[in-house]
Amino acid sequence: MKLPQRVTICEVGTRDGFQIEPEFIPTDVKVEVVDLLTEAGVPRIEVTSFVHPKAVPQLRDAETVMAGIRRRPGTRYAALVPNDKGASRAVDAGVDAIHTVLSASESHNLANVNMPIAESIEKLRAVAQIARRAGVHLQCGISTSFGCPFEGEVPLARLSSIVARLVEMGARGIGLADTTGMANPRQVSMVLEALMPRFPGIEWTLHTHDTRAMAVPNILAAMELGVTTFDASIGGLGGCPFAPGASGNVCTEDLVHCLHAMGVATGIDLDRLVDTSRRVEQIVGRALPGQIIKAGPSTRRYPVPDTVAARLTA
Ligand code: COA
Ligand code: ZN
């Protein structure tokens, strides 16, 4: 396998994960989780989103969360924004990076941000200006890049033309999001092989959901093509409230375990990450989909049963 030596993980659990939690998570608890992720060495954290508080009531405390977190130099703290109002709020709150959102399919864009794609692109042009003036990194994410729960297949030509407009307006990174886990590894390869050479200098992020247990295979396919940035969610939290059938992102600690087992560095302390995941399970009051929290790392060993030990020494 052709694998990079190092990948960059962007933790999205406190945004993509918490946004779908029905019970309001107190602001100080959100801050605590971000701080635990920082201490575990996660290099990028999508802390929250600056969206309409009625659209996502769980994240209505975005300003207070941003103001409360302890920032580690070198860690990049981002927030999701859908429009210029969100961008101004995010810049005022002191984010290091703006992650924008629009969808590759009309129906999901309307359901998610209440506007047609063309209007989203106009709003994102204003976002790009705000980001540029503030000197804030701009990464543009595209939901339903690999398929839409309403429309099905998303034509590559449409995805490519959206990427072109985002790059032209100043995006330095493009996030391809598989919002409801419809992508498969072969499709991920084909899409990336088509897009990557067309937009040199762009940093590609793959944003996966494990809805159909294809997140890690999709990530491996992207890594083989040279993608080194991946979104993931602590415990496997996550899901878009405006996409039917959405479920959690790829689980951060499972992905980090997989990468470390293959000798790919992340800079993240896996033990601390697992401790953070345990704390998040406590907070949301249920077991999360992560496997490593249950199974332990592949280096875990069990005592040999006495009967077996007797035969081994015999
Ligand atoms: N933050 C807070 N308030 C916002 C806002 C933002 N980012 N964007 C718009 N508003 C306010 C406007 O100021 C306006 O307020 P007013 O009525 O007091 O004047 C009101 O919302 C309506 O503005 P409009 O531009 O018509 O927004 P809308 O009602 O069409 O909603 C979005 C559009 C994008 C703001 C809304 O659909 C949204 O927040 N979606 C978030 C989706 C999301 O987070 N999905 C999950 C992540 S993928
Ligand atoms: Zn998502």
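Let me begin by describing the structure that accompanies this report. (Residues numbered from 1 in each chain as written. Chains lettered and ligands numbered in written order. Predicted model: local features only at pLDDT ≥ 70, side-chain atom pairs only at ≥ 80, totals over all residues. Heavy atoms only, no water.)

### Overview of the site of ligand 1
Taken together, 19 residues surround ligand 1, and among them H52, N83, R89, N112 and N114 come closest. Here N83 contributes a side-chain N or O atom positioned 2.8 Å from a nitrogen atom of ligand 1. Protein chains shield 66% of the accessible area of ligand 1, which is 930 Å² for the free molecule. More than half of the atoms belonging to ligand 1 lie within 2 Å of the grid points that define the largest pocket. Only α4 (84–92) and α5 (106–113) provide two or more residues apiece to the shell around ligand 1. It is α4 that contributes the most residues to the shell around ligand 1, three residues altogether. Along the lines of polarity and charge, the residues of the shell around ligand 1 split into ten nonpolar, six polar and three charged. (Near = heavy atom within 4 Å. Polar contact = N/O pair within 3.5 Å; in protein donor to acceptor, adjacent residues only side chain to side chain. Areas by Shrake-Rupley, 256 points an atom, 1.4 Å probe, with all protein chains shown as cover. 1 Å grid on protein atoms, 1.4 Å probe; cavity = no way out; pocket = protein on both sides within 12 Å on 5 of 7 lines; lining within 4 Å. Sits in = over half its atoms within 2 Å of the grid points. Helix = DSSP H or I, 4+ residues; strand = E, 2+ residues; numbered from the N terminus. Nonpolar A, V, L, I, M, F, W, Y, C, P; charged D, E, K, R; others polar.)

### Here we look at the nonpolar core
In terms of nonpolar packing, the biggest core is built from 86 residues, with I98, I142, L166, I174 and L176 touching the most fellow members. Residues within four places of I174 in sequence aside, it is in contact with Q139, C140, I142, V163, L166, V167, I202, E203, W204 and T205. (Core = buried A, V, L, I, M, F, W, Y, C linked by side-chain atoms within 4.5 Å. Buried < 20%, exposed > 50% of the residue type's maximum accessible area, 1.4 Å probe, protein only. Contact = heavy atoms within 4.5 Å.)

### Looking at the pattern of salt bridges
All told, the structure shown has 15 salt bridges when counted by the stated rule. In this structure, R15 engages D16 in a salt bridge whose closest nitrogen and oxygen atoms are separated by 3.6 Å. We classify D16 as buried; its relative accessible area is 2%. Of the charged contacts in the structure, one is a salt bridge between K30 and D61, with a shortest N-O distance of 2.8 Å. Taken together, the residues K30 in helix α2 (residues 27–39) and D61 in the loop between β2 (44–49) and α3 (62–68) connect sequence positions 31 residues apart. In this structure K30 comes out as buried when scored by relative accessible area, which is 3%. Judged by relative accessible area, D61 falls into the buried class, the value being 7%. Salt bridges sharing common partners tie together D35, E39, R70 and R272. (Salt bridge = Lys/Arg side-chain N within 4 Å of Asp/Glu carboxyl O.)

### Concerning the layout of surface pockets
The rolling of a water-molecule-sized probe over the atoms marks out the regions of remaining empty space. As a volume, the largest pocket reaches approximately 690 Å³. Lining the largest pocket are 39 residues, and of these V51, L80, V101, N112 and V113 sit closest to its centre. If you list the elements that add at least two residues to the lining of the largest pocket, you get α1 (13–17), α4, β4 (97–103), α5, β5 (137–143) and β6 (173–177). Tallying contributions element by element places β5 first for the lining of the largest pocket, with five residues. Class assignment for the residues of the lining of the largest pocket results in 17 nonpolar, 16 polar and six charged. Taken as a whole, the second largest pocket spans an internal volume of roughly 180 Å³. Lining the second largest pocket we find 13 residues, and of these D210, N249, V250, C251 and D254 sit closest to its centre. Each residue belonging to the lining of the second largest pocket can be placed in one class, and the counts come to four nonpolar, seven polar and two charged. (Points joined across faces, edges and corners; volume = space filled by probe spheres on them.)

### A closer look at unusual backbone geometry
For T144, which is not glycine, the phi torsion reads 50 degrees and is therefore positive. Tracing the backbone shows T144 in the loop between β5 and α7 (156–168). Although it is not a glycine, A213 adopts a positive phi angle of roughly 60 degrees. Within the element layout of this structure, A213 appears in the loop between β7 (203–207) and α9 (215–224).

### Quick word on the coordination of the zinc ion (ligand 2)
Where a metal carries four tetrahedral donors, each ideal angle is 109.5 degrees; where it carries six octahedral donors, the ideal angles are 90 or 180 degrees. Coordination of the zinc ion (ligand 2) by the protein involves D16 (OD), H207 (NE2) and H209 (NE2), with metal-donor separations of 2.0 to 2.2 Å. Sequence spacing of the donors to the zinc ion (ligand 2): D-x190-H-x1-H. The exposure class of H207 is buried, given its relative accessible area of 7%. (Donors = N, O, S within 2.8 Å, 3.2 Å for Na, K, Ca; no water.)

### Section: the sheet that holds strand β8 (residues 229–232)
To summarise the sheet geometry, strands pair through backbone hydrogen bonds and adopt either a parallel or an antiparallel arrangement. Taken in spatial order, the eight strands of this closed barrel run β1-β2-β3-β4-β5-β6-β7-β8, and their pairing is parallel. Averaged over all neighbouring strand pairs, the angle between strand axes comes to 25 degrees, with direction disregarded. Of the strand pairs in this sheet, β2 and strand β3 (residues 76–81) are connected by five bridges, and their pairing is parallel. Among the inter-strand pairings, T48 is bridged to a residue of β3, identified as A79. Contacts between helix α6 (residues 117–134) and the sheet are confined to β3, β4 and β5, with β4 contributing the most and set at about 175 degrees to the helix. (Pairing = 2+ DSSP bridges. Axes fitted to C-alpha atoms, helices over the stretch in contact; angles between N-to-C directions.)

### Topic: the packing of helix α10 (residues 252–261) against helix α11 (residues 270–284)
For the pair α10 and α11, the least separation of the axes is 9 Å and the interaxial angle reads 160 degrees. One way to sum up the angle between α10 and α11 is to call them roughly antiparallel. The two elements α10 and α11 meet at a crossing, and its hand is left-handed. Each of T252, E253, V256 and H257 in α10 lies in contact with α11, whose residues at this interface are L270, L273, V274 and S277. Of the residues assigned to the contact of α10 with α11, the class counts are four nonpolar, three polar and one charged. (Parallel < 35°, antiparallel > 145°, perpendicular 65-115°, else oblique. Left-handed = near helix turned anticlockwise from the far one by under 90°.)

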